[in-house]
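Chain by chain, the residues run as shown.
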Amino acid sequence: MKVAVYWGCVIPTVQYAYEMSVREVMPRLGVELVDLENASCCGSPVQSINMHAAVYLAARNIAIAEKMGFTDLLAVCNGCHLSLFEASHFLDQDKKLQEEINILLKDEELHYSGSIKIWHTIDFLHDVVGEATVKKAVTHPLNGLKLVVHYGCHILRPSSVGTVDNPENPQKLDRLIEWLGAKSIPYSEKLDCCGAMLMLSHPDAAFTFAGLKLKAVQDLGADALVDSCPSCQNMFDLRQKSAAATTGAKLNLPIVYYTQLLGLAMGIPQEKLGLNLNRSPVDELLQKVVAHS
Amino acid sequence: MSLSYNSMTATDLMTSKKPDSALRLRVLSKIGEQKPYNCYQCIRCTSGCPSMKMLELKPHQIVALTRAGFIDELINSGIVWTCATCLKCKERCPQAVAPVDLIIALRNLAVEKEVKVPESFLQSLSMILECGHISRPQPTITRKLEKIDREKLGLPKFREPDERFKAAFMKALEKTSSKESAP
């Protein structure tokens, strides 16, 4: 199938490994990705400043997918996914708002009609690609790996607009891990926030959010934490040292994107999955993967 | 890099002020329905709030103070910028109040009234106006300390939206402030 893909800001400007691994795995699973033309910010960073302008930005990107003739849009970043998903909910509920936004969109010959289904990496792989296709693509199963999953807040809540998975007991990413032959360990901090959104106003507190979660996961003896959001990855991987400084513990926890792990299980070379870009100590994990498969 | 707001809390500031019902209406108009009135202060939001542990954010207090009309006090205290937008309060409220939506509405009002807003939020906005995104592609390094960028990684060229975007986005920003300027 053919889907439009929307990368947002953080992935194509900082979190290259996520983009690389998504671009590698999807075509091999029968999914052709087409980048949105003329895309802009999703609106999430503008919500705190001007909610109306944020809804406009979200609608703009959805309208581009409509104009390009797509029915499905893959928003791989959690923040973008929520922004687009929530905006489409507002616009579908409130015809007056939809009219106002469409007047703004007209200047760029765009129109929001609400015909697009918005997906995130996790529900797209779980619900659309599905178990049979994923399992069939696994040539190097990750048997023996004990992993911990982090969903990220913005694909789980609020369930009032619909979400990627159950808001209090999500299981899709856990299942996706198990389809690769690895084990997902249950843990009580599963729903805890990474703190990324506080980096703009209270970075010390943000690092404490991340540090406390990472310490709890490391104490479980997990081989790695698996996520699928570039902002969470920024906190857990890129800034793990700063996060560690807030807890007084030494953190050495490998952090990987689910699509990087999936790529490994499909036999895709590490460098093509951006595994040389993770800042956390993933080398030991990669040795285990080679040994187990 | 902490915020340089004065150290008075929202409740400290209340003692010297009177409720402002016009401002209250303006905040409520931003969240659609007047849900704060459904709150019975069960404090489920605050008990699950990660920013309560770290920064003493009390979502139930934001709801109560908004209802009482202490809007200036809320936005001047800076407390609305301590929310991590984890959305647990919105998910778990038995009365569908969504304290986080109120917090976002209060942040919007702080911007309109030009009360001090954390600079990083405004920086993101000016980057979007400049290049359509909150940043341009940053060079990075591998774990072996090799400098690398999108091109070397084999990723397609990063594209910024064309010129018409800026004008349209400016319009979207202006429209709101004029529409919501009247209480």
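Analysis parameters
- Residues numbered from 1 in each chain as written.
- Chains lettered and ligands numbered in written order.
- Predicted model: local features only at pLDDT ≥ 70, side-chain atom pairs only at ≥ 80, totals over all residues.
- Helix = DSSP H or I, 4+ residues; strand = E, 2+ residues; numbered from the N terminus.
- Buried ≥ 20, exposed ≤ 12 C-beta atoms within 10 Å, placed from the backbone.
- Domains from an automatic or database assignment.
- Contact = placed C-beta atoms within 7 Å.
- Nonpolar A, V, L, I, M, F, W, Y, C, P; charged D, E, K, R; others polar.
- Core = buried A, V, L, I, M, F, W, Y, C linked by C-beta atoms within 7 Å.
- Pairing = 2+ DSSP bridges.
- Axes fitted to C-alpha atoms, helices over the stretch in contact; angles between N-to-C directions.
- Left-handed = near helix turned anticlockwise from the far one by under 90°.

S.K.: Sorry, what's going on with the overall build of chain B here?
M.R.: The number of helices and strands found in chain B is 10 helices and two strands. Listing each helix as α and each strand as β along chain B from the N terminus yields α-α-α-α-α-α-α-α-α-β-β-α. In chain B, buried positions account for 38% of the 183 residues.

S.K.: I tried to follow the domain arrangement of chain A on my own but got confused; where do I start?
M.R.: Much of the literature gives interface size as the accessible area that the parts lose upon coming together. All names here are of chain A. For chain A, the assigned domains are domain 1 (2-119) and domain 2 (140-292). Taken together, the 21 residues of domain 1 in the interface contact 22 residues of domain 2. Mapped onto the side of domain 1 that touches domain 2, the elements with two or more residues apiece are α1 (10-13), α2 (16-28) and α4 (78-93). No other element matches α2, which puts nine residues into the side of domain 1 that touches domain 2. Split into classes, the residues belonging to the side of domain 1 that touches domain 2 amount to 12 nonpolar, six polar and three charged.

S.K.: What's the story with unusual backbone geometry in this structure? I'm lost.
M.R.: It is generally the case that most residues other than glycine have a negative phi and that most peptide bonds are trans. In this structure, proline 158 of chain A follows arginine 157 of chain A across a cis peptide bond, with omega equal to -5°. Here proline 158 of chain A lies in the loop between β5 (146-149) and α7 (172-179). Even without glycine at this site, glutamine 41 of chain B takes up a positive phi of about 55°. Looking at glutamine 41 of chain B, the number of C-beta atoms within 10 Å reads 12, which means it is exposed. Non-glycine residue leucine 87 of chain B carries a positive phi angle of around 70°. Along the polypeptide, leucine 87 of chain B turns up in the loop between α6 (71-77) and α7 (88-92).

S.K.: Looking at this structure, how should I read the nonpolar core?
M.R.: When a protein is soluble and globular, its nonpolar side chains tend to lie buried together. All names here are of chain A. Residues Ala59 and Leu73 are the most contacted members of the largest nonpolar core, which totals 156 residues. Among the elements that make up this core, the one with the highest residue count is helix α3 (residues 51-67) (12 residues). Setting aside chain neighbours within four positions, we find leucine 73 in contact with Val3, Ala4, Tyr6, Ile62, Ala65, Ile116, Ile118 and Trp119.

S.K.: Looking at this structure, I do not really get the sheet that holds strand β2 (residues 32-35) of chain A. What am I missing?
M.R.: Working definition: the strands of a sheet are paired by backbone hydrogen bonds and lie parallel or antiparallel to each other. All names here are of chain A. Spatial strand order, β2-β1-β3-β4: four strands in an open sheet with parallel pairing. Across the chains shown, the open sheet's two edge strands, defined by having one partner strand only, are β2 and β4 (117-119). Going from strand to strand, the sheet's axes swing by 35° on average, the running direction of each strand aside. Where strand β1 (residues 2-6) meets strand β3 (residues 72-75), three bridges bridge the pair, whose relative direction is parallel. What sits directly across from alanine 4, in β3, is leucine 73. Its contacts with the sheet place α4 against β1, β3 and β4, and it is angled at close to 160° to β4.

S.K.: I would appreciate a short explanation of the domain arrangement of chain B in the present structure.
M.R.: Its domain assignment divides chain B into domain 1 (10-112) and domain 2 (119-177). Taking only C-alpha atoms, the centre of domain 1 of chain B and the centre of domain 2 of chain B are 31 Å apart.

S.K.: Just checking my understanding: could you explain the packing of α3 of chain A against helix α5 (residues 95-106) of chain A for this structure?
M.R.: When two helices pack together, their arrangement is given by the angle between the helix axes and by the axis-to-axis distance. All names here are of chain A. In the contact formed by α3 and α5, the axes pass within 10 Å of each other and the chain directions differ by 65°. Of the two elements, α3 crosses α5, and the hand of that crossing is right-handed. Touching Val55, Tyr56, Ala59, Arg60 and Ala63 of α3 are Ile101, Leu104 and Leu105, all from α5. Class assignment of the residues belonging to the contact of α3 with α5 gives a composition of seven nonpolar, no polar and one charged.

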